[in-house]
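# Examination of the molecular architecture
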Amino acid sequence: MATDYDAPRKSEEELSEDSIEALKTRRNDKNSGKVDEDEVEAAESFELPGADLSHEELTVRVLPKQSDEFTCAGCFLVRHRSQIVERRGNDEYCMDCAG
């Protein structure tokens, strides 16, 4: 962010007046004490870490490794053959793990 050093600067007294007026306007703001109801509803749907998810059932379709894919020997992720960077024996390594 550029700073204009030629612009007139406020004194300490002017800065304190601005902050007092800002506080007064915040105090008089009628909506400052209200809670947005949508936020409350959204917060109720969040799951906390360590929550009991034993009743949840996930369905994911798993495809077998395709002919143009390989399993990286470093990160064990299935990746496209175009990401093979290094081969050591029978092991193939992706761009992220080679080195």
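Right, let's walk through the structure included here. (Residues numbered from 1 in each chain as written. Predicted model: local features only at pLDDT ≥ 70, side-chain atom pairs only at ≥ 80, totals over all residues. Heavy atoms only, no water.)

## Here's the deal with the overall build of the chain
What the chain contains, in helices and strands, is two helices and four strands. Counting helices and strands in the order they occur from the N terminus, the chain gives α-α-β-β-β-β. In the chain, which comprises 99 residues, the share counted as buried stands at 7%. On the chain, roughly 9,500 Å² of surface is accessible, and the fraction owed to carbon and sulfur atoms is 50%. (Helix = DSSP H or I, 4+ residues; strand = E, 2+ residues; numbered from the N terminus. Buried < 20%, exposed > 50% of the residue type's maximum accessible area, 1.4 Å probe, protein only. Areas by Shrake-Rupley, 256 points an atom, 1.4 Å probe, with all protein chains shown as cover.)

## Things to note about the pattern of salt bridges
Evaluation of the coordinates by the stated rule reveals four salt bridges. The closest approach of N and O atoms between Arg-79 and Asp-96, which form a salt bridge, is 3.3 Å. Placement of Arg-79 in strand β2 (residues 78-80) and of Asp-96 in the segment after β4 (91-94) is noted, with a sequence separation of 17 residues between them. Here Arg-79 falls in the buried class, since its relative accessible area comes to 17%. Note that Glu-92 is salt-bridged to Arg-81, the shortest N-O span being 3.2 Å. A residue pair is termed long-range when its members are at least 10 positions apart, and Glu-92 in strand β4 and Arg-81 in the loop between β2 and β3 (84-88) qualify at eleven residues. The exposure class of Arg-81 is partly exposed, given its relative accessible area of 35%. Overlapping salt bridges, with partners in common, bring together Arg-81, Arg-87 and Glu-92 in one network. (Salt bridge = Lys/Arg side-chain N within 4 Å of Asp/Glu carboxyl O.)

## Structural notes on a negative patch on the surface
Together, Asp-38, Glu-39, Glu-41 and Glu-44 make up a region of like negative charge exposed at the surface. Mapped onto the fold, Glu-39 is located in helix α2 (residues 37-44). Classification of Glu-39 by relative accessible area gives exposed; the value is 54%. (Patch = residues over 30% accessible without salt bridge, like charges linked within 9 Å, V, L, I, M, F, W, Y side chains within 5 Å. Lys, Arg positive; Asp, Glu negative; His and termini not counted. Charge placed at Lys NZ, Arg CZ, Asp CG, Glu CD.)

## Thoughts on the nonpolar core
Within the largest apolar cluster, five residues are counted, these being Phe-70, Cys-72, Ile-84, Tyr-93 and Cys-94. Beyond its immediate stretch of four places on either side in the chain, Ile-84 contacts Phe-70, Glu-92 and Tyr-93. (Core = buried A, V, L, I, M, F, W, Y, C linked by side-chain atoms within 4.5 Å. Contact = heavy atoms within 4.5 Å.)

## Brief notes about the packing of aromatic side chains
Counted according to the given criterion, the structure contains zero aromatic pairs. Residue placement shows Arg-88 over the ring face of Tyr-93; its charged tip is 4.2 Å from the ring centre. (Phe/Tyr/Trp six-rings, centres within 6.5 Å; stacked < 30°, edge-to-face > 60°. Lys NZ or Arg CZ within 6 Å of the ring centre and 35° of its normal.)

## A word on the pairing of β4
Pairing geometry for β3 and β4, over four bridges, is antiparallel. Looking at β4, one finds that Ile-84 is bridged to Cys-94. (Pairing = 2+ DSSP bridges.)

## Section: the side chain of Arg-79
Polar side-chain contacts of Arg-79 include one of 3.2 Å to the side chain of Gln-83. Among all residues touching Arg-79, those that are not within four sequence positions of it are Asp-68, Glu-69, Phe-70, Cys-94 and Asp-96. (Polar contact = N/O pair within 3.5 Å; in protein donor to acceptor, adjacent residues only side chain to side chain.)

## What about unusual backbone geometry?
The phi torsion of most residues other than glycine is negative, and most of the peptide bonds are trans. With a phi angle near 60°, Phe-76 is a residue other than glycine that sits in the positive phi range. Relative to the helices and strands, Phe-76 is located in the loop between β1 (69-71) and β2.

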